[in-house]
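# Descriptive structure summary
Letter by letter, the chains look like this.
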Amino acid sequence: MPHDLPKAYDPTAIEDHWAEYWVRENLFAQPTPKADDPHRGEPFTILLPPPNVTGRLHMGHMLNQTEMDILTRWRRMSGRRALWVPGTDHAGIATQMMVERQLAEEGTSRQQLGRKAFEERVWAWKRHYGGAILDQMKRLGVSVDWSREYFTMDEHLSVAVREAFVRLYEQGLIYRGAYIVNWCPRCQTAISDLEVVHDEHKGHLWEIRYPVISPAGGSSSDQFITVATTRPETMLGDTAVAIHPEDERYKHLHGKKLRLPLMNREIPIILDEWVSREFGTGAVKVTPAHDPNDFALGQRHHLSSINVMDETAHINAEGGPYAGLDRFVARKKIVADLEEQGLLAGIKDHVHNVGHCDRCKTVVEPRLSAQWFLAVNKEPEGGGPSIAAKAIAAVKEEKIRFTPEMYKKTYLNWMENIYDWCISRQLWWGHRIPAWHCAVCRKITVARVDPTHCAHCNSEQITQETDVLDTWFSSGLLPVSVFNWPNLSGAPGLPPRREIWDSKADRADFDAFYPTSLLVTGFDILFFWVARMIMLGCWFASDVPMPDGSPRSLADSVPFREVYIHALVRDANREKMSKTKGNVIDPIEIVKQYGTDAVRFTLASMASPGTDIAFNVARTEGYRAFANKIWNAARFIFMNVDKAAEAGIFPHRELLRGMPATDEDAPLEAQWIVSELWATAARVNQSLEQYRFDDAANAIYQFIWGSFCDWYLEITKLRLEFGEETNKAAATRDLTVLVQVFEASLRLLSPFMPFLTEELWHAVYDGKPPAKSIALAKYPFEDESMIDANAVGAMEVVQELITGVRALRKEIGVEEKATVPIEVRTDATSRKIAEKNRDIIERLARVSEVLFTDQITVGLSKHSTPAFDVAVLYERKIDVEAEREKKTKEIAKQEQLIANADRQLSNSAFLAKAPPHIVAGLKKQRDEAQRLLDKLRDDLDSLSG
RNA sequence: GGGCGGUUAGCUCAGUUGGUUAGAGCGCCUGCCUUACAAGCAGGAAGUCGGGGGUUCGAGUCCCUCACUGCCCA
């Protein structure tokens with residue numbers, strides 16, 4: 001690759017190319033290990049939380065994927081056998097809604113199409129639009145194994161779903177029954193508790209009089225019992241009124257009956273301790289078909305359940321005169337009618353929580369219907385812990401570790417209070433429940449292979465259940481199903497997923513990659529998905545023997561060993577991004593503007609565990625500048641490499657791939673930057689180990705900009721003069737360190753900024769790199785013994801001297817370009833360092849001459865540190881007043897410091913109890929402050945004089 | 001109602017088992033087109049660590065309390 005890079009970094013010019021290259025070259029494919037495979041490192045397995053096929057990439061995805069990509073690239077480069085599996089979710093309701101909307105625009109509906117045609121239509125939609133989000137991911141350069149891409153309704157995943165369902169059914173853990181479920185009248189399906197979002201809502205509490213039937217029977221007496229309700233329309237389905245048995249107010253009514261207003265139905269008064277005497281009137285109407293508590297009451301008291309609404313929440317035939325009305329229309333009419341009949345005792349304002357459908361925000365109607373449930377707290381047939389018990393144990397016993405740790409509590413709290421999971425949905429898009437109803441004996445046949453006869457009466461009059469499974473049932477199985485469970489022994493009937501497989505190897509993936517190493521996701525799907533994977537993963541994996549045939553422990557049954565929960569991406573004002581607010585940042589747009597690398601770096605540098613990210617493009621601008629900085633550092637380096645080549649000097653390229661080291665002859669800046677590189681590598685590795693993306697990113701940023709560019713590159717300009725009298729050996733050595741450190745820095749940065757580093761890395765190798773991609777090169781590792789404290793200490797002296805001179809120059813108004821002589825007074829050690837590195841000081845501080853002295857010339861403005869005094873020989877043009885003020889302020893600060901130190905040092909308790917190094921440190925600090933204070937006082941005196 | 005977080009510079013955030021003078025980026029002020037980079041360089045200003053109390057030789061860090069704020073569950 002030619003070294004003539006454009007002056008400004010243009011991400012768009014290179015990113016598409018590399019994104020396409022990584023996919024085309026299949027660089028991140030992790031093939032199924034063969035038995036005779038050479039050892040390829042400990043696996044690092046991670047599943048992509050599958051986006052909905054209907055999805056478009058949003059900032060949350062980008063954060064999630066950036067974090068996973070950083071970790072995966074880092075682990076891969078560090079020698080792990082990294083596998084990242086991508087895929088998409090069929091997303092039952094979301095996708096069905098999308099296609100239904102399309103149909104509506106065409107003036108038709110799924111009902112008109114019929115089930116089969118509708119399913120075809122959704123598949124067609126999926127084929128056409130379903131890959132959009134994956135294409136966006138490809139553009140982001142995520143290092144997934146595209147050869148393993150799945151869709152949750154792929155054949156082999158459907159087999160897993162079916163096997164799981166059948167097995168759970170056989171274990172007595174799946175049952176069907178009529179229960180109160182959350183019903184969405186718009187989606188016309190049951191939804192799980194998790195899919196209901198509660199909103200505070202200002203409503204009313206209506207008090208209704210139910211007439212007591214007189215002992216004589218027949219017409220009502222003038223006695224009433226008053227009940228309160230927020231949903232008066234449900235009274236059409238009332239089958240009782242309940243009171244507390246000890247409630248004195250109603251003792252005289254025990255055993256009496258009531259006449260249900262409007263419906264003229266006789267209903268009993270029942271006694272139940274569940275009733276709260278304090279709430280409302282202490283009497284509650286009981287509608288078993290439309291309220292979960294009432295349903296429980298109904299069960300206890302053998303009441304009938306009258307469902308008064310249809311699936312669209314219109315009153316049905318059971319609602320008598322109100323039949324056909326929408327529930328809210330019926331509510332108004334019922335209230336009006338009651339009022340007319342004098343049965344409305346009152347209306348009170350009432351704030352209560354109303355459940356809405358997570359998907360379409362329609363008010364959810366609790367409704368009695370026949371659904372399928374997974375019994376999570378029940379022992380399976382044959383005994384053993386329940387599904388929830390296993391899922392609790394896995395986390396309690398730390399077989400799964402959460403970061404941040406607090407989510408462990410959240411998870412356990414939820415899992416310990418979990419109810420049975422309603423897994424059926426009245427949709428057409430999804431995994432159809434493998435159960436058949438017999439028209440003859442009414443029993444259910446559940447089977448792995450579509451049956452032709454009823455398993456109970458052998459009748460042929462069987463029809464398949466029309467419901468499909470909750471989407472999360474299939475995604476909850478992914479950790480096992482993507483590795484070919486349950487087809488682990490080459491069972492017939494299942495085609496191999498990929499050509500490189502043979503039937504004997506069917507379980508090779510599972511053996512190699514299960515449990516996965518890590519799950520990275522947002523807390524919003526902690527219960528929906530994470531918890532379900534733990535439940536189902538532990539449940540089914542524990543039945544899979546280990547490769548050696550031994551039973552699998554809980555520790556090896558978990559779907560993942562670690563969970564990293566990331567934050568929410570908000571807008572710059574910390575507001576949640578939402579379409580209605582119009583503050584949504586489209587990652588693709590922002591990527592176009594600033595480059596993928598800059599956006600990734602922004603997210604990484606702000607991804608401190610547990611803190612939401614307020615995404616601010618100002619940060620991204622800064623990281624685009626960072627990319628540009630690196631780009632230009634590369635231009636500078638290449639320019640010099642070319643210049644050196646003309647003089648017949650070439651860096652030792654064979655030394656490039658490892659970690660640089662220097663010998664004692666090397667110049668200070670070389671020893672120092674190499675030491676800093678090792679220190680940074682150590683810090684980055686440690687930070688990533690703890691998911692501290694922010695720490696890792698900041699460490700690299702500081703190293704590359706603050707150390708490498710600002711200091712090292714500036715100093716190397718001294719060494720990069722290639723002429724006749726150049727010492728070739730020294731020049732070669734220095735040039736080698738320069739290229740070496742840069743090359744290693746690119747590798748260090750690569751997981752964070754894969755595009756830029758890929759481009760420059762290829763350029764470093766002149767287009768002939770030792771691997772197809774920097775992502776396959778070795779990650780800088782840590783070896784703290786390589787950190788050179790002497791070099792760091794010496795460099796610090798040089799830096800402080802330079803910084804001191806620069807500040808002084810500014811203070812006394814030396815023009816930028818002018819070079820000036822300086823006086824330095826210091827101890828022997830520092831003097832030796834300064835003398836040896838005189839050329840560095842002269843160049844970086846624009847100094848013409850360094851004069852060492854025992855006493856700074858009187859009258860010069862000087863800069864003092866505990867270690868040295870430095871002064872610039874220049875006609876001073878200083879503002880005496882400002883200078884005096886500054887010194888006074890500094891003196892006060894040092895005095896305060898000394899006072900504080902003295903107070904502590906005279907405290908015998910401190911001396912006795914504080915560790916010695918703290919005491920020694922404080923003494924040293926006090927002495928230094930004292931020395932500085934003396935100097936400052938002298939300065940102030942001379943200013944006055 | 002139950003539970004879990006957060007409050008540190010103008011803004012967005014770091015700050016490890018309590019330990020020597022609390023950091024970064026952006027923004028702000030001053031001066032520089034110093035031959036890699038003005039998307040740059042150099043210098044600088046800026047914080048009673050939400051209030052109060054306590055533990056400790058020592059608290060941004062631990063405990064209590066109040067205030068404000070966010071989220072989850074019911």
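Conventions and cut-offs
Residues numbered from 1 in each chain as written. Chains lettered and ligands numbered in written order. Predicted model: local features only at pLDDT ≥ 70, side-chain atom pairs only at ≥ 80, totals over all residues. Heavy atoms only, no water. Helix = DSSP H or I, 4+ residues; strand = E, 2+ residues; numbered from the N terminus. Contact = heavy atoms within 4.5 Å. Areas by Shrake-Rupley, 256 points an atom, 1.4 Å probe, with all protein chains shown as cover. Lys, Arg positive; Asp, Glu negative; His and termini not counted. Charge placed at Lys NZ, Arg CZ, Asp CG, Glu CD. Salt bridge = Lys/Arg side-chain N within 4 Å of Asp/Glu carboxyl O. Buried < 20%, exposed > 50% of the residue type's maximum accessible area, 1.4 Å probe, protein only. Axes fitted to C-alpha atoms, helices over the stretch in contact; angles between N-to-C directions. Parallel < 35°, antiparallel > 145°, perpendicular 65-115°, else oblique. Nonpolar A, V, L, I, M, F, W, Y, C, P; charged D, E, K, R; others polar. pLDDT = per-residue confidence, 0-100. Polar contact = N/O pair within 3.5 Å; in protein donor to acceptor, adjacent residues only side chain to side chain. Phe/Tyr/Trp six-rings, centres within 6.5 Å; stacked < 30°, edge-to-face > 60°. Lys NZ or Arg CZ within 6 Å of the ring centre and 35° of its normal. Core = buried A, V, L, I, M, F, W, Y, C linked by side-chain atoms within 4.5 Å. Pairing = 2+ DSSP bridges. Disulfide = S-S within 2.5 Å.

## Some details on the overall build of chain A
Assigned secondary structure in chain A consists of 29 helices and 29 strands. Principal-axis analysis of the C-alpha atoms places the extent of chain A at approximately 120 × 70 × 60 Å. Pairs at least 24 residues apart make up 77% of the contacts formed inside chain A by residues separated by at least 6 positions. Accessible surface, chain A: about 41500 Å² in total, of which carbon and sulfur atoms supply 50%. Of the charged side chains in chain A, 114 are positive and 132 negative, and the gap between their average positions amounts to 2 Å.

## Notes on the pattern of salt bridges
If you walk through the whole model with that rule in mind, you get 47 salt bridges. The closest approach of N and O atoms between K717 and E714, which form a salt bridge, is 3.2 Å. For K717, a relative accessible area of 26% translates into the label partly exposed. Salt bridges linked by common partners bring E163, R167, E170, R448 and D543 together as one network.

## Focus: the packing of helix α10 (residues 387-396) against helix α15 (residues 526-541)
Contact pair α10 / α15: the axes reach a minimum separation of 8 Å and the direction vectors enclose 100°. Classified by the interaxial angle, the pair formed by α10 and α15 is roughly perpendicular. Counted together, I387, K390, A391, A394 and V395 of α10 and I534, M535, C538 and W539 of α15 form the full contact between these two elements. Of the residues contributing to the contact of α10 with α15, the split by class is eight nonpolar, no polar and one charged.

## Section: the confidence of the model for chain A
Scored by pLDDT, chain A has a mean of 84; 94% of the residues are at 70 or more. For residues 490-504, every residue scores under 50 in pLDDT, and the model assigns this stretch 25 contacts once sequence neighbours within four places are set aside. The complex prediction reports pTM at 0.86, with the ipTM value standing at 0.92.

## Observations regarding the side chain of T596
Mapping T596 onto the fold places it in helix α18 (residues 596-606). The exposure class assigned to T596 is buried, which follows from its relative accessible area of 0%. Separated by 2.7 Å, the side chains of T596 and E15 make a polar contact. Side-chain polar atoms of T596 contact the side chain of R139, separated by 3.1 Å.

## Points about the packing of aromatic side chains
Given two aromatic rings, one states the distance between the centres and the angle between the planes to describe the pair. Per the counting criterion, the structure on display carries 33 aromatic pairs. Taken together, a centroid distance of 5.1 Å and an interplanar angle of 40° make the contact between Y9 and W631 tilted. With Y9 in the segment before α1 (11-24) and W631 in helix α19 (residues 617-646), this residue pair connects regions lying 622 residues apart in the sequence. For Y9, a relative accessible area of 10% gives the class buried. Ring centres of Y175 and F373 lie 5.4 Å apart, and the angle between their planes is 20°; this geometry places the pair in the stacked category. Of this pair, Y175 sits in strand β5 (residues 174-184) while F373 sits in strand β14 (residues 365-374), placing them 198 residues apart in sequence. The exposure class assigned to Y175 is partly exposed, which follows from its relative accessible area of 25%. An aromatic cluster is built from F601, Y623, F626, Y701, W705 and F752, whose rings are joined through pairwise contacts. If you follow R73 out to its NZ or CZ, it ends over the ring of W22, 4.7 Å from the centre. Between the NZ or CZ atom of R532 and the centre of the ring of W421, over which it lies, the distance is 4.0 Å.

## Digging into the environment of M309
As for its position among the elements, M309 is in the loop between α8 (292-300) and α9 (327-340). Assessed through its relative accessible area of 1%, M309 is described here as buried. Sequence separation between M309 and G319 is ten residues; the distance between their C-alpha atoms is 7.8 Å. Setting aside residues no more than four positions away along its own chain, M309 makes contact with E233, H290, H314, I315, N316, R327, E365 and R367.

## Some thoughts on α10
α10 sits mainly inside the fold: eight of its ten residues count as buried. For α10, every residue scored as buried is listed here: I387, A388, K390, A391, I392, A393, A394 and V395. Buried residues belonging to α10 abut α7 (155-170), β14, β15 (401-403), α11 (406-415), α15 and α16 (554-557). A positive phi of about 65° marks E398, the residue just after α10.

## Focus on the nonpolar core
Core analysis: the biggest nonpolar cluster contains 142 residues, and I637, F708, F742 and F752 have the highest contact counts within it. A per-element tally of this core places helix α21 (residues 693-716) first, with 13 residues. Leave out the neighbours within four places in its chain, and F742 touches I630, A633, A634, I637, F708, L760 and V764. Counting residues in hydrophobic clusters, the runner-up holds 69 residues, among them A394, V395, W472 and F540.

## What to know about the sheet that holds strand β26 (residues 820-826)
In a beta sheet, neighbouring strands pair by backbone hydrogen bonds and run either parallel or antiparallel. Taken together, four strands build an open sheet; the order of strands is β27-β26-β29-β28 and the sheet is mixed. The two strands at the open ends of the sheet, each matched to only one other strand, are β27 (847-852) and β28 (862-864). Within this sheet the neighbouring strands show an average axis-to-axis angle of 20°, counted without direction. Across three bridges, the pairing between β28 and strand β29 (residues 868-872) is antiparallel. If you follow H863 over to β29, its bridge partner there is V870. Sheet contacts for helix α24 (residues 789-812): β26, β27, β28 and β29; angle to β29, the most-contacted strand, approximately 40°.

## Description of the packing of α1 against helix α23 (residues 754-764)
Running from N to C, α1 and α23 point in directions that differ by 90°, and their axes come no closer than 9 Å. In terms of their interaxial angle, α1 and α23 are classed as roughly perpendicular. Across the interface between the two elements, I14, E15, W18, A19 and W22 of α1 pack against P754, F755, L756, E758, E759 and H762 of α23. Tallied by class, the residues present in the contact of α1 with α23 amount to seven nonpolar, one polar and three charged.

## Remarks on the sheet that holds strand β19 (residues 444-446)
With respect to topology, three strands assemble into an open sheet ordered β19-β18-β20, the strand pairing being antiparallel. The sheet terminates laterally at β19 and β20 (462-464), the two strands that pair on one side only. Geometrically, the sheet is characterised by an average inter-axis angle of 30° between neighbouring strands, direction not taken into account. Inspection of the sheet shows strand β18 (residues 435-438) paired to β20 by three bridges, in the antiparallel sense. Counterpart to W436 in the pairing with β20 is Q464.

## Considering the state of the cysteines
Counted under the stated rule, the structure contains zero disulfides. As a non-bridged cysteine, C441 has C454 as the owner of its nearest cysteine sulfur, 3.6 Å distant.

## Comments concerning the environment of R75
With respect to the secondary-structure elements, R75 resides in helix α2 (residues 59-77). By relative accessible area, R75 is classed as buried at 16%. Along the chain, R75 and L688 lie 613 residues apart, while their C-alpha atoms are 9.7 Å from each other. Once residues lying within four places of it in the same chain are set aside, the contact partners of R75 are F44, R80 and E689.

## Side note on unusual backbone geometry
Backbone torsion omega between T403 and P404 reads -10°, so that peptide bond is classified as cis. For P404, the location among the structural elements is in the loop between β15 and α11. Cis rather than trans, the peptide bond between W485 and P486 has omega equal to 5°. Note on placement: P486 falls in the loop between α13 (478-481) and α14 (508-513). If you check the backbone angles, N458 has positive phi at about 65° while not being a glycine. For N458, the location among the structural elements is in the loop between β19 and β20. A relative accessible area of 53% places N458 in the exposed class. Phi angles above zero are rare outside glycine, and R846 is one such case at about 55°. As for its placement among the helices and strands, R846 is situated in the loop between α26 (838-844) and β27. Assessed through its relative accessible area of 40%, R846 is described here as partly exposed.

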